[in-house]
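For reference, the chains in residue letters:
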Amino acid sequence: MKTDALVDDTDINIFSIPGLSINLNSKHQDGILQLEASGHLRAVCTPFLNKINARLKEEKPALVDGDRIIASTWLPPIPGKVFNRLLYAETQIALGKYIPETASFEITRECKCNCEHCVVSGGEGDMDIDSIKRAIDEALDMGAFIVTFTEGDPLLREEIFELIEYVDKDRAIVNIFTPGTEITPEVAKRLKDAGLHSLLVSIYSTDPKKHDSVRRLDGAYEMATAAIKCGLDAGLLVTMTTHVSPKNIDELQEMYDLSSELGVHEFSLWESVPKKAGDAILSDDDRQVILDMYHRVNTTKGGPRIFSNTFFEGEMLGCMAGQRWVHICVDGSVKPCPYLPFEYGNIENESLKSIWKKIRSYPQFKGERHICLMHDPNFLGLISKIPEDAKVPYDFDLLKQ
């Protein structure tokens, strides 16, 4: 990633702790920004700095905004206080202390769509606003630097603007997932004014009928594309997202072309997740198609960049569930990520910190793993033990009884 921003032949110290100092410099690599470490902890952080530097060198950014680089809409701007927290978190992880860098929150069950793949927890009612704020505070205190509000549709809860404003922007960026049914120019402006980092709108096909079929809502495609345009007009970072499955793997280029036509900053690809053993999943050949597209697009000038968990989790960092990600359900139950059907505690009766410690005690979340647990036959075998009439997410400890 070559940019004229920050090119002044000086190093900028962006992070310092005892034993470690990290500078951002553009003196080398013909103006390509790179991170360099010094101090006796330098060797500890070298692996993750090498990964960041490789992305900065090889891939186009989502946005260059004045003196800030936004490498991906999923990541904080460089340089900046939130990016410093990313560096601190990765340093701690390199030392063996895993931090929930991303905390995602379900804040309402309400949604005008009725998608089969929705993972919102069962039951009734939503957490009260004070409980959500308390969990946000705990997540930030634990080191989180990305807060994401997600399904149902967060925009169907009026307090969403209050919650976005509540997150300390010196400590975390804020993203929101929405099907786009509630976005108007006025709503988009309110999101911008509240400090939203990125608006994420999912589209599942370039064929409006196919998209509407996934959403089980007539007109959903038109609403989603209109929402994207509203977000862009309001000056928001906008990401078009999709879940890649065997059903739509052949449509990826058409989908990318649509994202380019709409003018989004990033096209985000997430592998579809099975709910039980036997559900269709991507093959290794499918994943290679995604990786080839990822590298081709991100090394080509023009058009939005691609984020792909097939690369980010599959090759770069490993699966984030229970290692760099914690998910708080609409009823307060806590999961390692949105896709696992197990809960490990509830913030209504214990601290998020203690629940995270409990999650980290299970063998499924030890060591680096480059495949989603929901693609692991052994883990799917555990899911098969959930009683048919049980509430989901299911208490993982009940499997032992």
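So, how was this worked out
Residues numbered from 1 in each chain as written. Predicted model: local features only at pLDDT ≥ 70, side-chain atom pairs only at ≥ 80, totals over all residues. Heavy atoms only, no water. Helix = DSSP H or I, 4+ residues; strand = E, 2+ residues; numbered from the N terminus. Rg over C-alpha atoms; globule rule 2.2 N^0.38 Å. Buried < 20%, exposed > 50% of the residue type's maximum accessible area, 1.4 Å probe, protein only. Contact = heavy atoms within 4.5 Å. Areas by Shrake-Rupley, 256 points an atom, 1.4 Å probe, with all protein chains shown as cover. Lys, Arg positive; Asp, Glu negative; His and termini not counted. Charge placed at Lys NZ, Arg CZ, Asp CG, Glu CD. Pairing = 2+ DSSP bridges. Axes fitted to C-alpha atoms, helices over the stretch in contact; angles between N-to-C directions. Core = buried A, V, L, I, M, F, W, Y, C linked by side-chain atoms within 4.5 Å.

With respect to the overall build of the chain
Helix and strand counts for the chain come out as 12 helices and 16 strands. Over its C-alpha atoms the chain spans a radius of gyration of 20 Å, differing by no more than 12% from the 21 Å that the globule rule assigns to 401 residues. Along the first, second and third principal axes, the C-alpha atoms of the chain reach 65 × 45 × 45 Å. Within the span of the chain, comprising 401 residues, buried residues form 57% of the whole. Sequence separation of 24 or more characterises 67% of the internal contacts of the chain that already satisfy a separation of 6 or more. For the chain, the accessible area works out to roughly 17,000 Å², and carbon and sulfur atoms hold 50% of it. Between the centroid of the 44 positive side chains of the chain and the centroid of its 62 negative side chains there is a distance of 4 Å.

Some remarks on the sheet that holds strand S3 (residues 34-38)
With antiparallel pairing, the 3 strands of this open sheet are ordered in space as S1-S2-S3. Looking at which strands have only one partner, the edges of the open sheet turn out to be strand S1 (12-17) and S3. Taking the axes of each pair of neighbouring strands and ignoring which way they run, one obtains an average angle of 20° across the sheet. Here 5 bridges tie strand S2 (residues 20-25) to S3, and the two strands are oriented antiparallel to one another. Paired with Asn 23 across the strands is Glu 36, a residue of S3. Its contacts with the sheet place helix H1 (residues 42-58) against S2 and S3, and it is angled at close to 170° to S3.

Some points on the nonpolar core
In this structure, Phe 105, Phe 149, Ile 183, Leu 191, Ile 203, Met 240 and Phe 342 are the most contacted members of the largest nonpolar core, which totals 92 residues. For this core, the leading source of residues is helix H3 (residues 129-141), giving 6 residues. What Met 240 contacts, discounting residues up to four positions off in sequence, is Val 201, Ile 203, Ile 228, Met 255, Leu 258, Ser 259, Leu 262, Val 264, Glu 266, Phe 267 and Ser 268. Residues Cys 45, Phe 48, Leu 56 and Ala 89 belong to the second largest nonpolar core, which totals 25 residues.

These results come straight from atomic positions and should not be treated as a statement about function.
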